[in-house]
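# Fold and contact review
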Amino acid sequence: MSFTVAKKLRIGLIANRSHQDAQDSALVQLLRGSRQAITFLQPEFVVVGRTLDAMVMHGLLDICQHVERFPYGRDGGLMKLVSRVVDSDPAKAVDAVIYLIDPVDPSSVFPEAVALKRQCVIHRKPFLATLAGAREWLELEATVNGAPTDPALNASFALNNEGIALIAHDAMKEKMLALAEKHFNVLDKFAYRYATGTTGGLLNQLAKKIKGEAGRDWVQPFLSGPLGGDAQLAELVLDRKIRRILFLEDPHVARQHEADIQLLERAARTVTDFAQVFSEVEGADRWLTFLSERSAA
């Protein structure tokens, strides 16, 4: 299967302060580590204020040659980025957002930060909040279009050594099952599959239909999210036993266990160089398709 980039990607980029300043910060690791993919894709980065200052300080503009500067966050830069997520003009809209989040930075829970992720989910655009997630996304977007693979990432694509969590809110469970059935072959390559409550039971029913008795325990189910399942999975993320989290969110309903959802995402951001979260169906479909190709490379 071949894919082409219909237009040059526009990527919103922002990093919390602790991910900017040091020579080995997440921002520096992302851009230097993804030099090959960025050079191939030649995306335009829409960068919020101080993040661009850090890029200049670290000499990273030779990697990111196409840059649009947005104001500092205190001057509304992040709010403007939310607007670019929902913009209908393809010349202005961003196709994805990389927001390297420090889970203890209070600005990451400001209304504009929360809105940025929510609008990405609503408008079916990747929201990449960890170093690992952003590097993998750039790698996949580049390699499926003909770029050579990055050997430094090969170990993470050995899925027979990897764990994945599969979680879906009530309104998204049917879509999770459809995704799992469509991409069953690649999901079946993972050494470990985990899920919360009802979602895990439904996935095991699907696996049994496909694999017979061999699929009975295809997914290891934990408690439901409201009863603590998200917290159980968060521990596995922190222990680096789960690298990838597919968490299909319904952004249109209030959730009584919102704190549990944030806990799981916070765990991924705590181990930013290891874990990643995908939150919407269209992006997950594309990601699983590309993951299948990259894991077989």
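Structure shown above.
In what follows, the accompanying structure is described. Small disclaimer: the values here were computed from a predicted structure and weren't measured.

With four of five residues buried, strand β2 (residues 44–48) is to be regarded as a mostly interior element. As defined by bridge partners, strand β1 (residues 10–15) adjoins β2 across four bridges and the pair is classed as parallel. Looking across to β2, one finds that I11 is bridged to F45. With respect to chirality, the unit in which β2 leads through helix α3 (residues 49–57) into the neighbouring parallel strand β3 (residues 67–70) is right-handed.

In this section: the environment of M79. Looking at the element boundaries, M79 is found in helix α4 (residues 77–86). As for M79 and V281, which are separated by 202 residues in sequence, their C-alpha atoms are 24 Å apart.

Moving on to the packing of aromatic side chains. Taken as a whole, this structure holds five aromatic pairs when the rule is applied. Look at Y194 and F222: their rings are 5.9 Å apart centre to centre, the planes differ by 50 degrees, and that puts the pair in the tilted class. Highlighted residues: Y194 in strand β7 (residues 192–196) and F222 in strand β8 (residues 220–222), separated in sequence by 28 residues. We note that Y194, like F222, is buried. Geometrically, the ring pair formed by F278 and W287 is stacked, given 4.1 Å between the ring centres and 20 degrees between the ring planes. The class of F278 is buried, set by a relative accessible area of 8%. Each residue in the set Y192, Y194 and F222 is aromatic and connected to the rest through ring pairs, giving one cluster. For the cation-ring pair, R74 lies above Y72, with the distance from its terminal atom to the ring centre recorded as 4.7 Å. Directly above the aromatic system of F70 lies the positively charged group of K80, at a separation of 4.8 Å from the ring centroid.

What counts and how
Residues numbered from 1 in each chain as written. Predicted model: local features only at pLDDT ≥ 70, side-chain atom pairs only at ≥ 80, totals over all residues. Heavy atoms only, no water. Buried < 20%, exposed > 50% of the residue type's maximum accessible area, 1.4 Å probe, protein only. Helix = DSSP H or I, 4+ residues; strand = E, 2+ residues; numbered from the N terminus. Pairing = 2+ DSSP bridges. Right-handed = clockwise from strand over helix to strand, strands pointing away. Phe/Tyr/Trp six-rings, centres within 6.5 Å; stacked < 30°, edge-to-face > 60°. Lys NZ or Arg CZ within 6 Å of the ring centre and 35° of its normal.

By themselves these figures say nothing about function.
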